[in-house]
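Chain residues, written in single-letter form:
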Amino acid sequence: AMWIADSEPALAWLLLVSAVETAANRWDKSGASNTDRLRDSKPDLVEAIELRCPELLPIVADKIADTIGATRKFVNFVLEFLPMPPQARPEQAFQVAWNPKDLKAPLLKIYDYRSKALHTGIPFPAPMCQPPMCINNWSAPAEKPGGLAVSTLGSVWLKKDLPLSLHIFEYIARKVLQSWWSSLQTSGTGHGP
C-alpha cells in the first residue's frame, strides 16, 4: 500500500483497510453461530425470513456468514490491538483523539468509505488522499484535517467526513498488524496463520 501511496492514495487506503480486515477475520473470536451473527447484524432480514420461511434462516445465515459483521470485526480488531500514539505529533488541534471511545467513529467512517469504494465505485474523499498539512515548527504532519470543512476538486467535505490522514491510518494499521502477529507467537492460540 505504501509503495503506491504517492501515485494512487485511494488504492493505498483500500489495501491498508483490506490488510487489517483480513487479519480481523482470522482473529475474530465471536463464537456465535452464523444465525445469531445474522440476527445481530441484520435483524430486519431475520425477521422477514422468520415470518415467511423460518427453516430458511440457517441456510441463508450459512451462505452469507463471511460477510456478516465485517464492520464490527474490523473496528474491534483495531481497538483490541490499538498502539500507543506516535511519539512525534502535530499541534493539538490537528491530533486524533487517541482512545478507543473516540477512535470508534473514525474507524466506522473509514470502513464505510472502504465499502463504498469497493461496492459502488465512490472513492475515498479527495482530502484524505492528499498529503497532510505540516507547518515548519511541528514535530509531525496533521493527523486529520483542521477547520470546519475542506474544499477541493469542486466538492466540500465537512470535518466529520475526514476522520484521519492516510499516514496516520498507515501507522495504526501497521502497528495493529504487528501487535496481532506478535500475540500469535506468544499466545499459541488457534487464531494464527
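Going by the structure above, here's the rest.
For clarity, every value in this text was computed on a predicted model and none was experimentally measured.

**Q** Go over the overall build of the protein chain with me, naming the residues and quoting the values.
**A** Looking only at helices and strands, one finds seven helices and two strands in the protein chain. Order of helices (α) and strands (β) in the protein chain, N terminus to C terminus: α-α-α-α-α-α-β-β-α. Once the C-alpha set of the protein chain is aligned to its principal axes, its extents read approximately 65 × 45 × 30 Å. Taken across its 193 residues, the protein chain has 40% of its residues classed as buried. Within the protein chain, contacts between residues at least 6 apart in sequence are counted, and of these 67% link residues at least 24 apart. Of the roughly 11,100 Å² of accessible surface on the protein chain, a fraction of 56% belongs to carbon and sulfur atoms.

**Q** Please provide a residue-by-residue account of the packing of helix H1 (residues 9–27) against helix H5 (residues 70–80), values included.
**A** Running from amino to carboxyl end, H1 crosses H5 at an angle of 90°, the nearest separation of the two axes being 9 Å. Taken together, the axis directions place H1 and H5 in an arrangement best described as roughly perpendicular. Seen from H1, the contacting residues are Val-17, Val-20, Glu-21, Ala-23, Ala-24, Asn-25 and Trp-27; seen from H5, they are Ala-70, Lys-73, Phe-74, Asn-76, Phe-77, Val-78 and Glu-80. Among the residues forming the contact of H1 with H5, the class breakdown is nine nonpolar, two polar and three charged.

**Q** Describe the nonpolar core, naming the residues involved and giving the relevant values.
**A** Counting 42 residues, the largest nonpolar core has Trp-13, Phe-74, Phe-77, Phe-124 and Phe-169 as its most contacted members. Listed by contribution, the elements that provide at least two residues to this core are H1, H5, helix H6 (100–119) and helix H7 (166–187). Every residue in contact with Trp-13, bar those within four places of it in the chain, is listed here: Ile-110, Phe-124, Met-128, Cys-129, Leu-164, Ser-165, Leu-166 and Phe-169. With six residues, the next largest nonpolar core counts Leu-38, Val-46, Ile-49 and Ile-68 among its residues.

**Q** So what's going on with the pattern of salt bridges? Which residues, and what values?
**A** Scanning the entire structure with this criterion turns up eight salt bridges. With a closest N to O distance of 3.5 Å, Asp-28 and Arg-72 form a salt bridge. Within this pair, whereas Asp-28 is found in the loop between H1 and helix H2 (34–41), its partner Arg-72 is found in helix H5, the two being separated by 44 residues in sequence. Note that Arg-174 and Glu-170 form a salt bridge whose closest N and O atoms lie 2.8 Å from each other. Taken together, the positions of Arg-174 and Glu-170, both in helix H7 and four residues apart, correspond to about one turn of that helix. For Arg-174, a relative accessible area of 33% puts it in the partly exposed group. Linked through salt bridges whose partners overlap, the residues forming this network are Lys-109, Lys-160 and Asp-161.

Reading guide: rules and limits
- Throughout this description, residue numbers start from 1 for each chain and increase along the sequence as written.
- Where totals are concerned, whole chains, interfaces and linings use all residues; where local detail is concerned, this predicted model gives features only for residues with pLDDT of at least 70, and gives and counts side-chain atom pairs only at 80 or more.
- With hydrogens and water stripped out, all remaining heavy atoms of the structure feed into the side-chain values.
- Put simply, DSSP marks the helices as runs of H or I at least four residues long and the strands as runs of E at least two long, and each gets a number from the N terminus on.
- Burial classes follow relative accessibility: with a 1.4 Å probe on protein chains only, a residue under 20% of its type's maximum area counts as buried, one over 50% as exposed, and anything between as partly exposed.
- The contact criterion used is simple: two residues touch if any of their non-hydrogen atoms lie within 4.5 Å.
- Per-residue and other accessible areas were derived by the Shrake-Rupley procedure at a 1.4 Å probe size, with only the shown protein chains allowed to occlude residues.
- Between N-to-C directions, angles cover 0 to 180 degrees, with each direction set by a line fitted to C-alpha atoms, over the stretch in contact for helices.
- An angle counts as roughly parallel when it lies under 35 degrees, as roughly antiparallel when it exceeds 145, as roughly perpendicular when it falls between 65 and 115, and as oblique in every other case.
- Gly is put with the polar residues, along with every residue not named as nonpolar or charged; the nonpolar set is Ala, Val, Leu, Ile, Met, Phe, Trp, Tyr, Cys and Pro, and the charged set is Asp, Glu, Lys and Arg.
- Only buried residues count toward a nonpolar core. Its members are Ala, Val, Leu, Ile, Met, Phe, Trp, Tyr and Cys residues joined through side-chain atoms within 4.5 Å.
- Salt bridges are identified by distance alone: a Lys or Arg side-chain nitrogen within 4 Å of an Asp or Glu carboxyl oxygen.

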